Amino acid sequence: MIRSALMNVMTAAALKAGRGLKRDFGEVENLQVSVKGPGDFVSAADKRAEKTLFDELSKARPGYGFIMEEGGVVEGSDKSHRWIIDPLDGTSNFLHGVPVFAISIGLEREDRLVAGLVYNPATDDMFVAELGQGAYFNNRRMRVAARRSLGESMVACGIPPLARVRDHESFKRELAAGMGKIANIRRLGAAALDLAMVACGRFDGYWERGISSWDVAAGIVLVREAGGFVSDFSGGADMLGKGEICAGNEAIHRQLLDLMRKA
């Protein structure tokens, strides 16, 4: 496990926010039968978790900036560091009582991602990585899977929801291409956990478009430190800017990119 001061700060913030989410998640099932539904409750839970993360990280590292799903961009006095956080990745899963959601914390230093943490409070699974220090899952070292062929692989993807109808046709082409080459395709509904699963070798690869920086910043560090490759669909490094991502070991990453280009 990484014992650095930075990782201690990130872990403490995630655990504190996670306690609140775990409590709120326990209430969601009761709210499913209400007339109003749990939507407003989950939105409030999301904002409470983000406030906890903001408060804890600001206290530990004064001056760092933030990019947050709910709170947007907060400029800090320290222009070289910026937290990129999603307090509840997998909101729809949370809303429906599905225990597949996560807190995601990434740290950018001089425009370079240097640390990442993904934590699922429902299962107490913690994935962490720091530049040059490796990647760990619940205190065990992580490595990406060693499979070399898509025909033997399980690959995750993101399916654009109804609200992103503009992306439906391109996804259908990508899925059709993938179904002709990939042994198994999965969709978890939480990009941070998709990347964490690639980092620990459970998934062999992952692709998605239409994502935000807070969805994947932490996971990018996890995959890289676990020996994997991450890029945008053109093979470049502008995943956060373009809102698209492809990940896997060297061979699977290359084959997925080829599929995306031809789709």
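Residues numbered from 1 in each chain as written. Predicted model: local features only at pLDDT ≥ 70, side-chain atom pairs only at ≥ 80, totals over all residues. Heavy atoms only, no water.

Taking an unreviewed UniProt entry as the reference, the protein chain is identified by name as Inositol-1-monophosphatase belonging to Methylocystis rosea. Turning to the protein chain, the UniProt record has this under Cofactor (unreviewed entry): "Mg(2+)". (UniProt positions renumbered as here; feature names shortened; annotations may be inferred.)

S.K.: Tell me about the overall build of the protein chain, residues and numbers included.
M.R.: Counting its regular elements, the protein chain contains 8 helices and 13 strands. The C-alpha atoms of the protein chain give 18 Å as radius of gyration, which agrees with the globular expectation for 263 residues (18 Å, within 12%). Seen through its C-alpha atoms, the protein chain measures out along the principal axes to roughly 50 × 45 × 30 Å. Taking all 263 residues of the protein chain together, 52% fall into the buried category. (Helix = DSSP H or I, 4+ residues; strand = E, 2+ residues; numbered from the N terminus. Rg over C-alpha atoms; globule rule 2.2 N^0.38 Å. Buried < 20%, exposed > 50% of the residue type's maximum accessible area, 1.4 Å probe, protein only.)

S.K.: Give me the lowdown on the side chain of Glu-130, citing residues and values where you can.
M.R.: For Glu-130, the position within the fold is in strand E6 (residues 125-130). Separated by 2.6 Å, the side chains of Glu-130 and Ser-4 make a polar contact. Ignoring anything within four residues of it in the chain, the contact list for Glu-130 reads Ile-2, Ser-4, Leu-6, Met-7, Val-114, Ala-115, Val-221 and Glu-225. (Polar contact = N/O pair within 3.5 Å; in protein donor to acceptor, adjacent residues only side chain to side chain. Contact = heavy atoms within 4.5 Å.)

S.K.: For unusual backbone geometry, give the residues involved together with the corresponding values.
M.R.: One non-glycine residue with positive phi stands out, namely Asp-111, at about 65°. For Asp-111, a relative accessible area of 70% corresponds to the exposed category. In this model, Asn-138 sits at a positive phi of 50°, which is unusual for a non-glycine residue. By the secondary structure assignment, Asn-138 is in the loop between strand E7 (134-137) and strand E8 (140-141).

S.K.: An account of the environment of Met-10 is requested, with residue identities and associated values reported.
M.R.: Following the sequence through the fold, Met-10 ends up in helix H1 (residues 5-31). The class of Met-10 is buried, set by a relative accessible area of 0%. Residues Met-10 and Ile-105, spaced 95 residues apart in sequence, show a C-alpha to C-alpha distance of 7.3 Å. Not counting the four nearest positions on each side in its chain, Met-10 is found in contact with Leu-57, Trp-83, Ile-105, Ala-115, Gly-116 and Leu-117.

S.K.: I'd like to hear about the pattern of salt bridges, residue by residue, with values.
M.R.: Using the criterion set out here, one finds 13 salt bridges in the structure. When the shortest N-O distance is used, the salt bridge between Glu-56 and Lys-59 registers 3.7 Å. Of the two residues, Glu-56 and Lys-59 are both situated in helix H2 (residues 39-60); the distance of 3 residues between them amounts to about one turn of the helix. Residue class for Glu-56 comes out buried when judged on its relative accessible area of 17%. A salt bridge links Asp-204 to Arg-147, with the nearest nitrogen and oxygen atoms 2.8 Å apart. Residue Asp-204 is found in the loop between helix H5 (191-199) and strand E11 (205-209), and its partner Arg-147 is found in the loop between E8 and strand E9 (154-157); the two are separated by 57 residues along the sequence. Since its relative accessible area comes to 37%, Arg-147 is described here as partly exposed. (Salt bridge = Lys/Arg side-chain N within 4 Å of Asp/Glu carboxyl O.)

S.K.: Tell me about the sheet that holds E11, residues and numbers included.
M.R.: Reading across the sheet, the 5 strands line up as E10-E9-E11-E13-E12 and stay open at both edges, with mixed pairing between neighbours. If you trace the sheet from one side to the other, it starts and ends with strand E10 (184-186) and strand E12 (229-231), each paired once. In this sheet, neighbouring strand axes are inclined to one another by 15° on average, regardless of whether the strands run parallel or antiparallel. Here E9 runs beside E10; their pairing, made up of 3 bridges, is parallel. (Pairing = 2+ DSSP bridges. Axes fitted to C-alpha atoms, helices over the stretch in contact; angles between N-to-C directions.)

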